[in-house]
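Results of the structural survey
Here is how the chains run, residue by residue.
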Amino acid sequence: MIISLRLRLLLWLLIPLTLFVAVSAALSYRSARQTADLLQDHALLASAQVIAGEIQWLDGVPHASIPPAALELLVSPEQDQVYYQVITDQDRLLAGRPDFPQALRFPVSTPAFSDIDYHGQMLRVVSQVRTLYNAGQLHKIAILVGQTTRAHDQMVADLWRPSLLRQVPMLLL
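These lines cover the structure that appears in this document, whether it is placed above or below.

Rules used throughout
- Residues numbered from 1 in each chain as written.
- Predicted model: local features only at pLDDT ≥ 70, side-chain atom pairs only at ≥ 80, totals over all residues.
- Heavy atoms only, no water.
- Axes fitted to C-alpha atoms, helices over the stretch in contact; angles between N-to-C directions.
- Helix = DSSP H or I, 4+ residues; strand = E, 2+ residues; numbered from the N terminus.
- Parallel < 35°, antiparallel > 145°, perpendicular 65-115°, else oblique.
- Left-handed = near helix turned anticlockwise from the far one by under 90°.
- Salt bridge = Lys/Arg side-chain N within 4 Å of Asp/Glu carboxyl O.
- Pairing = 2+ DSSP bridges.
- Contact = heavy atoms within 4.5 Å.
- 1 Å grid on protein atoms, 1.4 Å probe; cavity = no way out; pocket = protein on both sides within 12 Å on 5 of 7 lines; lining within 4 Å.
- Points joined across faces, edges and corners; volume = space filled by probe spheres on them.
- Nonpolar A, V, L, I, M, F, W, Y, C, P; charged D, E, K, R; others polar.
- Buried < 20%, exposed > 50% of the residue type's maximum accessible area, 1.4 Å probe, protein only.

All right, on to the packing of helix α1 (residues 5-53) against helix α3 (residues 150-172) then. Helix packing for two helices is described by the angle between their axes and how far apart those axes are. Look at α1 against α3: their axes get within 8 Å of each other, and the N-to-C directions meet at 160 degrees. What the angle tells us is that α1 and α3 run roughly antiparallel. The handedness of the crossing between α1 and α3 comes out as right-handed.

Below you can see the structure in the form of structure tokens.
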């Protein structure tokens, strides 16, 4: 059966163009996700650093006060939940939630970022260690700050959607 020249030309153009749009959309999504990850990680790290800066010795015991500014850095229009924990290397809770996941405490390299499931919610978590010295004693304090990913996911969609909306009409045209 002989295929018309028009149909063959259409296929020769449509197939590579469809592949190009699919690859381009995938790369756009990856770029949008990396941008959202970078922004969320930066805010989480800034929050952990503010908390770490407020840890001090009181009567020979480390004490953590959580300033409101540390958590205000993570305010989002999507009403993401923010969780934190400040704990000593002797498992003494200084502030935050006692049931926070223990896998991130005292990471080898600081800061360490990870995604975890916490009570059925996906969280992006940063763990940072601060070393305190007192009367020749060395104590390590772990600061963990986690945030739900609703704002992150919305940002990925907001960054990716315009690119996709430009590419699909190009394919149809």
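Pairing is possible between side chains that carry opposite charge, provided their charged atoms lie close to one another. Scanning all chains against the criterion turns up 5 salt bridges. Residues Asp115 and Arg124 are paired through a salt bridge, measuring 3.3 Å at the closest nitrogen-oxygen approach. Here the salt bridges do not stand alone but share partners, grouping Asp41, Asp115 and Arg124 into one network.

Strand order in this open sheet of 5 strands is β4-β3-β7-β6-β5, and the pairing throughout is antiparallel. Every interior strand has two partners, whereas the edge strands, β4 (93-96) and β5 (112-118), have only one. Recorded for the sheet is a direction-independent mean angle of 20 degrees between the axes of neighbouring strands. Examined bridge by bridge, β5 and strand β6 (residues 121-134) share 7 bridges and lie antiparallel to one another. Of the residues in β6, the one forming a bridge with Ala112 is Ser127. The strands touched by α1 within the sheet are β3 (82-88), β5, β6 and β7 (137-148), with β6 carrying the most contacts at an inclination of about 35 degrees.

A few words now on the layout of surface pockets. Approximately 190 Å³ is the volume found for the largest pocket. In this structure, the largest pocket is lined by 14 residues; those nearest its centre are Gln40, Ser76, Gln147, Ala151 and Met155. Breaking the lining of the largest pocket down by element, the ones donating at least two residues are α1 and α3. Looking at side-chain class alone, the lining of the largest pocket contains 9 nonpolar, 4 polar and 1 charged residues.

What follows deals with the side chain of His152. Looking at where His152 falls in the secondary structure, it is placed in helix α3. Taking relative accessible area as the criterion, His152 reaches 6% and is therefore assigned buried. Beyond its immediate sequence surroundings of up to four residues, His152 is in contact with Arg33, Ala36, Asp37 and Gln40.

Backbone geometry at Asp91 places phi at a positive 60 degrees, although glycine is not the residue there. Structurally, Asp91 can be placed in the loop between β3 and β4. Note on Asp91: relative accessible area 54%, which makes it exposed. We note that His119 has phi near 55 degrees; this positive angle belongs to a residue other than glycine. Judged by its relative accessible area of 55%, His119 falls in the exposed class.

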